[in-house]
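Spelled out from the first residue to the last, the chains are:
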Amino acid sequence: MSERIGFITRVQSFSACHRLHSKSLSDQENKQIFGKCNNPNGHGHNYKVEVTVRGKIDRDTGMVMNLTDLKEYIEEAIMKPLDHKNLDRDVPYFADVVSTTENLSVFIWDGMAKLLPPDSLYEIKVYETDKNIVVYRGE
């Protein structure tokens, strides 16, 4: 039997607040582009993240990877740095990067990629709301 490739996804939720504001734009431009999301006091989200890993299905274990390991990596790369945080103030990455969901997905990708086996991370999908979803595949 030939090798089979599988995709496994683990879903995790976390809460965080942020303000959409770019230091490279004027206050007026920020208000125009980001609208109510530029509120100086910020706003919060209950984010949902789907982490998808791709790999060979091991003949002995029947797994792409152990989900317990994936859960621990998610705790380290997502929950510890992001859950119940002010993204702009508590996460150094966002000191000079606008905390959009697009940039958040890149941050999560980079954190997960450091922990997972090389080339196994397939996709990060971040639900900012039920209607606003960002997909990032490391490109």
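What you see is a predicted model; the values in this text were computed from it and never measured. (Residues numbered from 1 in each chain as written. Predicted model: local features only at pLDDT ≥ 70, side-chain atom pairs only at ≥ 80, totals over all residues. Heavy atoms only, no water.)

A. Broad picture of the layout of surface pockets. The computed volume of the largest pocket comes to approximately 300 Å³. For the lining of the largest pocket, the secondary-structure elements that each account for two or more residues are β1 (5-18) and α3 (87-90). Residues belonging to the lining of the largest pocket are distributed by class as follows: six nonpolar, eight polar and five charged. (1 Å grid on protein atoms, 1.4 Å probe; cavity = no way out; pocket = protein on both sides within 12 Å on 5 of 7 lines; lining within 4 Å. Points joined across faces, edges and corners; volume = space filled by probe spheres on them. Helix = DSSP H or I, 4+ residues; strand = E, 2+ residues; numbered from the N terminus. Nonpolar A, V, L, I, M, F, W, Y, C, P; charged D, E, K, R; others polar.)

B. View of the nonpolar core. If you look at the biggest cluster of nonpolar residues, it comprises 29 residues, and the most contacted ones within it are Ile 78, Ile 108 and Met 112. Those elements giving two or more residues to this core turn out to be β1, β2 (43-56), α2 (67-82), α4 (101-115) and β4 (121-127). Ile 108 has contacts with Val 49, Ile 78, Leu 82, Ile 124 and Val 126, leaving out every residue within four places of it along the chain. (Core = buried A, V, L, I, M, F, W, Y, C linked by side-chain atoms within 4.5 Å. Buried < 20%, exposed > 50% of the residue type's maximum accessible area, 1.4 Å probe, protein only. Contact = heavy atoms within 4.5 Å.)

C. Structural view of α2. Look at α2: 21 Å from first C-alpha to last across 16 residues, which is about the 22 Å you get at 1.5 Å a residue. The largest bend in α2 amounts to roughly 40 degrees and is located at Glu 75. For α2, the complete set of buried residues consists of Leu 70, Ile 74, Ala 77, Ile 78, Met 79 and Leu 82. Lining the buried residues of α2 we find β1, β2, β3 (85-86), α3 and α4. Put simply, Asn 66 is the residue that caps the front of α2, since its side-chain oxygen is 2.8 Å from the backbone nitrogen of Thr 68. Two residues or fewer past α2, His 84 is found with a positive phi of approximately 55 degrees. (Expected span 1.5 Å × (residues − 1). Bend = angle between axes of the 7 residues up to and from the residue. Polar contact = N/O pair within 3.5 Å; in protein donor to acceptor, adjacent residues only side chain to side chain.)

D. Examining the side chain of Ser 22 more closely. Following the sequence through the fold, Ser 22 ends up in the loop between β1 and α1 (27-34). Classification of Ser 22 by relative accessible area gives buried; the value is 10%. In this structure the side chain of Ser 22 is engaged in a polar contact, spanning 2.9 Å, whose partner is the side chain of Ser 24. Sequence-distant contacts of Ser 22, defined by excluding residues within four places in its chain, comprise Asn 30, Phe 34 and Val 98.

E. Representation of unusual backbone geometry in the model. We note that His 84 has phi near 55 degrees; this positive angle belongs to a residue other than glycine. Following the sequence through the fold, His 84 ends up in the loop between α2 and β3. For His 84, a relative accessible area of 63% gives the class exposed. Of note, Asp 119 is a non-glycine position whose phi angle comes to about 60 degrees, a positive value. Relative to the helices and strands, Asp 119 is located in the loop between α4 and β4.

F. Geometry of the pairing of strand β5 (residues 133-136). Because side chains alternate across β5, one face comprises the buried residues Val 134 and Tyr 136, and the other comprises Ile 133 and Val 135, none of which is buried. Pairing of β4 with β5, which is carried by four bridges, proceeds in the antiparallel orientation. Residue Ile 124 lies in a different strand from β5, and its bridge partner there is Tyr 136. (Pairing = 2+ DSSP bridges.)

G. Quick peek at the sheet that holds β1. In spatial order, the strands read β3-β1-β2-β4-β5; together these five strands make up an open sheet with mixed pairing. The open sheet has two edge strands, β3 and β5, and neither has a second partner. Across the sheet, α2 lies against β1, β2 and β3, angled at about 20 degrees from β1, the strand it touches most. Taken strand by strand, α4 contacts β1, β2, β4 and β5, and its axis lies near 145 degrees from that of β4. (Axes fitted to C-alpha atoms, helices over the stretch in contact; angles between N-to-C directions.)

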